[in-house]
Amino acid sequence: MPGGRNPLLRLVALVRTATHRWAAAAIGGYHDGENALADQLEPVLTAGMLNLADRGFFSMDRFLRFSATGALLCWRVKNGVTSVPVKTLKTLPDGSELVMLHESDGMRARRRREHGDRTAARLPDTIARLVQFKIVTRTRSGRVKTSVIRLLTTLLDHEEFPAAEIAVLYAEDGRLKSRSST
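Cut-off values and rules
Residues numbered from 1 in each chain as written. Predicted model: local features only at pLDDT ≥ 70, side-chain atom pairs only at ≥ 80, totals over all residues. Heavy atoms only, no water. Core = buried A, V, L, I, M, F, W, Y, C linked by side-chain atoms within 4.5 Å. Buried < 20%, exposed > 50% of the residue type's maximum accessible area, 1.4 Å probe, protein only. Helix = DSSP H or I, 4+ residues; strand = E, 2+ residues; numbered from the N terminus. Contact = heavy atoms within 4.5 Å. Salt bridge = Lys/Arg side-chain N within 4 Å of Asp/Glu carboxyl O. Pairing = 2+ DSSP bridges.

Draft legend 1. The nonpolar core, seen in detail. By size, the foremost hydrophobic cluster in this structure holds 27 residues, and its most contacted members are Phe58, Met60, Phe63, Trp75, Leu101 and Leu152. Of all the elements in the fold, those that place two or more residues in this core are strand 1 (9–15), strand 2 (22–29), helix 1 (34–40), helix 2 (60–67), strand 4 (72–77), strand 6 (97–101) and strand 7 (126–138). It is helix 2 that contributes the most residues to this core, four residues altogether. Those residues in contact with Phe58 that sit more than four places away from it in its chain are Phe63, Trp75, Val77, Ser83, Val84, Pro85 and Leu152. Judged by nonpolar contacts, the second largest core, of 12 residues, contains Phe133, Leu151, Phe161 and Ala167.

Now the structure itself:
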């Protein structure tokens, strides 16, 4: 109903960071979730494309499926210890960490319910990189707020993709500069 409190539709889009032009979009009704709409965009991802995603889009299943397209992922994840199933394998010189993603029993049970497949096997463990950094913002009231940002990425090479550059990529303007290309 027009003028109501609830939106009439939901939209999830792939937008090019440099030009802000839309690459693709999935549109659904009010009851369609953003994650289900994001899943519709999986076929649009291509090898070498860098995909940034905000908090709330991470699931281990989606991370594995989207990375299987060959796209490079740099996804913000929630700060809670149980929200991302990681075990640190190695702390890298730039402060980022190589981590092992492992689907917990609870995550597998939830995935089985969501997909209606009570026999779904556990997802394979996979290596990713965790980059953490702080940003300082000012609220409307002028109060200074510090937030910890956690990014899970398939950009594993800390020399080619330093954590500081990934932080700038995500926090500021969406441009990733590879040391090998400068």
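Draft legend 2. Layout of the pattern of salt bridges. Applying the stated criterion across every chain, the model contains eight salt bridges. The shortest N-O distance in the salt bridge between Asp105 and Arg122 comes to 2.6 Å. Remark: Arg122 occurs in the loop between helix 3 (105–115) and strand 7 and Asp105 occurs in helix 3; sequence separation between them is 17 residues. Taking relative accessible area as the criterion, Asp105 reaches 51% and is therefore assigned exposed. One connected set of salt bridges, linked through shared partners, spans Asp39, Glu42, Asp61, Arg62 and Arg65.

Draft legend 3. Representation of the pairing of strand 4 in the model. Burial analysis of strand 4 places five of its six residues in the buried class, the great majority of the element. Of the pairings in the sheet, the one linking strand 3 (residues 50–53) to strand 4 comprises four bridges and is parallel in character. Bridged to Ala53 within strand 4 is Trp75. Pairing geometry for strand 4 and strand 8 (residues 144–153), over four bridges, is antiparallel. Bridge pairing links Arg76 to Leu151 in strand 8.

Draft legend 4. Spatial organisation of the pairing of strand 7. Pairing geometry for strand 6 and strand 7, over five bridges, is antiparallel. Pairing of Glu97 across the sheet is with Leu130, part of strand 7. Sheet topology note: the strand 7/strand 8 ladder contains 10 bridges and is antiparallel. In the sheet register, Val131 faces strand 8, and the bridge partner there is Leu151. Between the end of strand 7 and the start of strand 8, which pair antiparallel, lie five residues, with Gly142 showing a positive phi angle near 95°.

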